[in-house]
Amino acid sequence: MDIEQKQEELIDHFVKQASSVTGSALSSVVADATSHPSLFAFSEILALPNLLQLEGTENAVYLDVLRLFAHGTWSDYKSNAGRLPQLVPDQALKLRQLTVLTLAETNKVLPYDQLMQELDVANVRELEDFLINECMYAGIVRGKLDQLRKCFEVQFAAGRDPRPEQLGSMIQTLSNWLVTSDNLLISIQEKMSWADKMTELNKQHKKEIEDKVEDVKRAYSMKKFHPVSRPTVTSGGMRRSTPNLVE
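Residues numbered from 1 in each chain as written. Predicted model: local features only at pLDDT ≥ 70, side-chain atom pairs only at ≥ 80, totals over all residues. Heavy atoms only, no water.

1. Here's the deal with the nonpolar core
At step 1: Ranked by size, the top nonpolar core spans 50 residues in total, and within it Ile 45, Leu 51 and Leu 115 carry the most contacts.
At step 2: Looking at which element gives the most residues to this core, the answer is helix α7 (residues 89-106), with 7 residues.
At step 3: In contact with Ile 45, not counting residues within four places along its chain, are Phe 14, Val 15, Ala 18, Ala 33, Leu 39, Leu 51 and Leu 66. (Core = buried A, V, L, I, M, F, W, Y, C linked by side-chain atoms within 4.5 Å. Buried < 20%, exposed > 50% of the residue type's maximum accessible area, 1.4 Å probe, protein only. Helix = DSSP H or I, 4+ residues; strand = E, 2+ residues; numbered from the N terminus. Contact = heavy atoms within 4.5 Å.)

2. Comments concerning the sheet that holds strand β1 (residues 109-111)
At step 1: Taken in spatial order, the 3 strands of this open sheet run β1-β3-β2, and their pairing is antiparallel. Edge positions in the sheet fall to β1 and β2 (141-146), since each of these pairs with one other strand and no more. In this sheet, neighbouring strand axes are inclined to one another by 25° on average, regardless of whether the strands run parallel or antiparallel.
At step 2: Bridge count between β1 and strand β3 (residues 151-157): 3 bridges; the pairing is antiparallel. By the bridge assignment for β3, Val 109 is matched with Glu 153.
At step 3: Seen against the sheet, α7 touches β1, β2 and β3 and runs at an angle of roughly 90° to β3.
At step 4: Strand contacts of helix α8 (residues 112-119): β1, β2 and β3, with the helix running at about 70° to β1, the strand carrying the most contacts. (Pairing = 2+ DSSP bridges. Axes fitted to C-alpha atoms, helices over the stretch in contact; angles between N-to-C directions.)

3. What to know about a nonpolar patch on the surface
At step 1: Side chains of Leu 184, Ile 188 and Met 192 sit close together on the surface and give an oily, nonpolar patch of about 300 Å² of accessible area.
At step 2: With respect to the helices, strands and loops of the structure, Ile 188 is situated in helix α10 (residues 167-224). (Patch = residues over 30% accessible without salt bridge, like charges linked within 9 Å, V, L, I, M, F, W, Y side chains within 5 Å. Areas by Shrake-Rupley, 256 points an atom, 1.4 Å probe, with all protein chains shown as cover. Salt bridge = Lys/Arg side-chain N within 4 Å of Asp/Glu carboxyl O.)

4. Re α8
Residues spaced three or four apart along an α-helix point in a common direction, a consequence of the helix completing one turn every 3.6 residues.
At step 1: Every buried residue belonging to α8 is among Tyr 112, Leu 115, Met 116 and Leu 119, and all of these are buried. Along the long axis of α8, the arc covered by the buried residues comes to 100°, so they all point the same way. In α8, the exposed positions that point more than 90 degrees away from the buried face belong to Asp 113 and Gln 117.
At step 2: On its buried face, α8 is in contact with α6 (74-79), α7, β1, α9 (124-136), β2 and β3.
At step 3: Two residues or fewer past α8, Asp 120 is found with a positive phi of approximately 60°. (Arc of directions from axis to C-beta.)

5. Thoughts on the side chain of Asp 146
At step 1: Within the secondary structure, Asp 146 sits in strand β2.
At step 2: At a separation of 3.1 Å, a polar atom in the side chain of Asp 146 contacts the main-chain amide nitrogen of Leu 148.
At step 3: Setting aside residues up to four positions removed in sequence, Asp 146 forms contacts with Tyr 112, Cys 151 and Glu 153. (Polar contact = N/O pair within 3.5 Å; in protein donor to acceptor, adjacent residues only side chain to side chain.)

6. Some remarks on the pattern of salt bridges
At step 1: As enumerated under the stated definition, the model contains 8 salt bridges in all.
At step 2: Note that Asp 129 and Arg 125 form a salt bridge whose closest N and O atoms lie 3.4 Å from each other. With a gap of 4 residues between them, Asp 129 and Arg 125 both fall in helix α9, about one helical turn apart.
At step 3: Under the relative-accessibility criterion, Asp 129 is labelled partly exposed at 33%.
At step 4: Arg 149 serves as the salt-bridge partner of Glu 153, at 2.6 Å between the closest nitrogen and oxygen.
At step 5: Each member of the salt-bridge network shares a partner with another, and the members are Glu 55, Asp 64, Arg 67 and Arg 83.

7. Examining the packing of helix α2 (residues 26-35) against helix α5 (residues 60-71)
In a packed pair of helices, the relevant descriptors are the angle between the two axes and the axis-to-axis distance.
At step 1: At their nearest, the axes of α2 and α5 sit 10 Å apart, and the two run at 15° to each other. Here α5 runs roughly parallel to α2, going by the angle between their axes. For α2 against α5, the interelement crossing comes out left-handed. Judged by residue contacts, Ser 27, Val 30 and Thr 34 of α2 engage Tyr 62, Val 65, Leu 66 and Phe 69 from α5. (Parallel < 35°, antiparallel > 145°, perpendicular 65-115°, else oblique. Left-handed = near helix turned anticlockwise from the far one by under 90°.)

8. Some words on the pairing of β3
At step 1: In this structure, β2 lies alongside β3, joined through 6 bridges in antiparallel fashion. Across the sheet, Leu 145 pairs through a bridge with Phe 152, a residue of β3.

9. A word on unusual backbone geometry
At step 1: Its identity as a non-glycine residue notwithstanding, Asp 120 has a phi of 60°, on the positive side.
At step 2: For Asp 120, the position within the fold is in the loop between α8 and α9.
At step 3: A positive phi angle, near 55°, is found at Lys 150, a position not held by glycine.
At step 4: Looking at the secondary structure, you find Lys 150 in the loop between β2 and β3.
At step 5: Residue classification places Lys 150 among the exposed positions, given a relative accessible area of 53%.

So, to be careful, I would describe these as geometric facts and stop short of saying anything about function.
In structure tokens:
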């Protein structure tokens, strides 16, 4: 099963679970979703009405945790640790994995120093073990560890949930793409129409040439077999014409 299909099944599972409970009962669903080793997308769960209703209530912290995993990083957690529940080891691992995905969105060459700082990792060996065992083996990133240059060269990274502030630029990008696609389609249709016209003109030209060739052949055939008169002398000294076929 590929990672996309597995994500869809897990999202559907947790959406159904979260839809069936309210209030503080959502804490276990949020904890399970953010701890699951194969789930890396949370926007569908976050969009559920019963979760959004937690805003401003004593249970709003569960909504904040889910938002952290949907859009945040390990640094965001450390900055807000005072008002968030302490993460269990599986959640901490997941948030570090998501942090790598966020960094890979904007830069395909990630320096080791930056990664160690963002992931709160003590040394290069620990960092490389994390990238290999927890990121590449998990299938969320592919890349090359460059020990000489001390960087991670990203070849592929799974996408994260889009942040609310990204939606405007995403919509604009898609709109621009749609306009470009429409213009390209018009250009292709015009070229196809021109090609059809040229094909038809070529057919007409070919037909005209073939007709002229047939006219020449007919004219030549008629001339070849048309009888002409050739004068001859009779025994009395008189001239007369006799028909002859021209070959």
